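So the chains spell out like this:
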Protein chains: 2
Amino acid sequence: MRIALLGGTGDIGEGLALRWAYHTDHEVIIGSRDPEKARAKAEEYETELSSRGRDVKVNGFTNEMATERASVVVLAVPPYHVSDTIEAVADSLEDGDILVTPATGIKRDDDGFHYHPPSAGSVTALVVDAAPDGIPVVGAFHNLAAGRLADLDADLGIDTLLVADDPDAKETVRLLADGIEGLRPLDGGGLANAAEIEALTPLLINVAHNNEGLNDLGVRFQ
Amino acid sequence: MRIALLGGTGDIGEGLALRWAYHTDHEVIIGSRDPEKARAKAEEYETELSSRGRDVKVNGFTNEMATERASVVVLAVPPYHVSDTIEAVADSLEDGDILVTPATGIKRDDDGFHYHPPSAGSVTALVVDAAPDGIPVVGAFHNLAAGRLADLDADLGIDTLLVADDPDAKETVRLLADGIEGLRPLDGGGLANAAEIEALTPLLINVAHNNEGLNDLGVRFQ
């Protein structure tokens, strides 16, 4: 399967790109508004993978061209860029493609990090509002620490929660998540359940911040 | 230490009462609006503990009398009874006492369970607003499945998050939590961080509901 990581030069995009390229045979495509940056990062990932004996091609393109080439498109961009990124790639999406959203709204104040959803109710809902008709949206990969994900020496042993209203799209993304070693995909229900999943991300940051020895935290439901 | 469990005849109260009485030497006192019910439940807990070779006294009283006798008072009541319960016991609280709140606001709709905080922003904030001056509030024990907690044969292996603005009160409750085998207390920061912790409870219910084989879920930060 071809997976486009829009914003694939950023933290969470890097982690997902490296993990999929390392653990699976899916083709990973890096998207960015700046194609030069996308190509440079893609080469960086290739070098990292090659140093671990994994010689695979990672291509870098504009977000539009990356979307054109892929059937699963991950919006690994900050929440405030979600809407304009979808707008930019809308014409490159076609029937059967799936949009995946890992973004969450976080606000920091003196006390810590807090969930700060957009007026749509969640970033996932924002994506649903902006997505072209007929393109299913799956929320996933919200609660993964980017640094740990991008460090292929780091064991995961954590869960990721999936929400979607389209069962086939959810199953496709579940299999993609399941391909990453140490990551257990769990069903979070429908898209309407996204807010509580997104709210877990600032909580993870607060817990890491307040407890010595706990860094780059993920979560395990048990 | 003497711990009063107001609403100690309910699900989460039962679990905490049994665990503290079984794993620690703290004196557990059951509070209820109905003292007969409190006494009956306390006897039930004694019988359960005795069947496991643990012969301890568990007393049942009105919420007011239970509060009078204890230095740590756990509000194990539904969120809509938090304010009137505090009002009822306010005169029984004295300097040095600590209020502990495990309650969270949950709303169910067709999609699943959702976090539905009171207008104060969180149930914890509601407790702070209702608490008498000088009585510190600690948020804790929000994300524990009541049935599993009350089943002394069930291993926990899960975390509980503590929030408080009073470090001494937080440390007292941390030690109480740490006394329960298999429960790891973690610092969630100040009271302002409570909402994201409370929101984890409906998420746990949604995950259990949507994934076969996962029941009575807790969470482990790792």
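Just so you know, these numbers come straight off a predicted model, no measurement behind them.

Participant: Got a minute to help me understand the relation of the copies chain B and chain A in this structure?
Facilitator: Think of it as a corkscrew move, a rotation about one axis and a shift along it, taking one chain copy to the other. Aligned on chain A, chain B shows an RMSD of 0.0 Å; the corresponding rotation is 180 degrees and the shift along the axis is 0.0 Å. Overall, the copies show the geometry of a two-fold rotation axis. Across chain B, the smallest distance between a C-alpha and the rotation axis is recorded for R220 of chain B, namely 2.6 Å. Taken as a fraction of all interface residues of chain B, those also at the interface in chain A reach 100%, which identifies the copy contact as same-surface.

Participant: Please clarify how the sheet that holds strand β8 (residues 137–139) of chain B should be interpreted in this entry.
Facilitator: Strand pairing in a sheet is mediated by backbone hydrogen bonds. Such pairs are either parallel or antiparallel. The eight strands lie next to each other as β3-β2-β1-β4-β5-β8-β9-β10 (chain B), forming an open sheet whose pairing is mixed. Two strands in the sheet have a free side with no partner beyond their single neighbour: β3 (59–62) and β10 (183–189) of chain B. Strand-to-strand twist across the sheet, computed as the mean angle between neighbouring axes with direction ignored, equals 30 degrees. Across three bridges, the pairing between strand β4 (residues 72–75) of chain B and strand β5 (residues 98–101) of chain B is parallel. If you follow V74 of chain B over to β5 of chain B, its bridge partner there is V100 of chain B. Across the sheet, helix α8 (residues 194–210) of chain A lies against β9 (158–164) and β10 of chain B, angled at about 100 degrees from β10 of chain B, the strand it touches most.

Participant: What is the right way to look at the packing of helix α4 (residues 82–89) of chain B against helix α5 (residues 123–130) of chain B in this model?
Facilitator: The description of two packed helices rests on the angle between their axes and on the distance between the axes. All names here are of chain B. In the contact formed by α4 and α5, the axes pass within 9 Å of each other and the chain directions differ by 25 degrees. Between α4 and α5, the interaxial angle falls into the category roughly parallel. Crossing angle aside, the handedness with which α4 passes α5 is right-handed. Touching V82, S83 and I86 of α4 are V123, L126, V127 and A130, all from α5. Split by residue class, the contact of α4 with α5 holds six nonpolar, one polar and no charged.

Participant: Any chance you could explain the UniProt feature "domain: Pyrroline-5-carboxylate reductase catalytic N-terminal" (unreviewed entry) in chain A here in plain terms?
Facilitator: UniProt's entry tags residues 2–103 of chain A with the feature "domain: Pyrroline-5-carboxylate reductase catalytic N-terminal" (unreviewed entry), counted in the numbering of this structure. Strand forms 23% of residues 2–103 of chain A and helix 43%; the C-alpha atoms that close the span are 21 Å apart.

Participant: What's the story with the sheet that holds strand β9 (residues 158–164) of chain A in this structure? I'm lost.
Facilitator: All names here are of chain A. An order of β3-β2-β1-β4-β5-β8-β9-β10 is seen for the eight strands of this open sheet, with the pairing classed as mixed. The open sheet has two edge strands, β3 (59–62) and β10 (183–189), and neither has a second partner. Taking each pair of neighbouring strands and ignoring which way they run, the sheet shows an average axis angle of 30 degrees. Here five bridges tie strand β1 (residues 2–6) to strand β2 (residues 27–32), and the two strands are oriented parallel to one another. The partner of A4 across the bridge, within β2, is I29. Here helix α1 (residues 11–23) sits on the sheet and contacts β1, β2 and β4 (72–75); the angle it forms with β1, its principal contact strand, is near 160 degrees.

So, how was this worked out
Residues numbered from 1 in each chain as written. Chains lettered and ligands numbered in written order. Predicted model: local features only at pLDDT ≥ 70, side-chain atom pairs only at ≥ 80, totals over all residues. Heavy atoms only, no water. Least-squares fit on C-alpha atoms with pLDDT ≥ 70 in both. Contact = heavy atoms within 4.5 Å. Pairing = 2+ DSSP bridges. Helix = DSSP H or I, 4+ residues; strand = E, 2+ residues; numbered from the N terminus. Axes fitted to C-alpha atoms, helices over the stretch in contact; angles between N-to-C directions. Parallel < 35°, antiparallel > 145°, perpendicular 65-115°, else oblique. Left-handed = near helix turned anticlockwise from the far one by under 90°. Nonpolar A, V, L, I, M, F, W, Y, C, P; charged D, E, K, R; others polar. UniProt positions renumbered as here; feature names shortened; annotations may be inferred.

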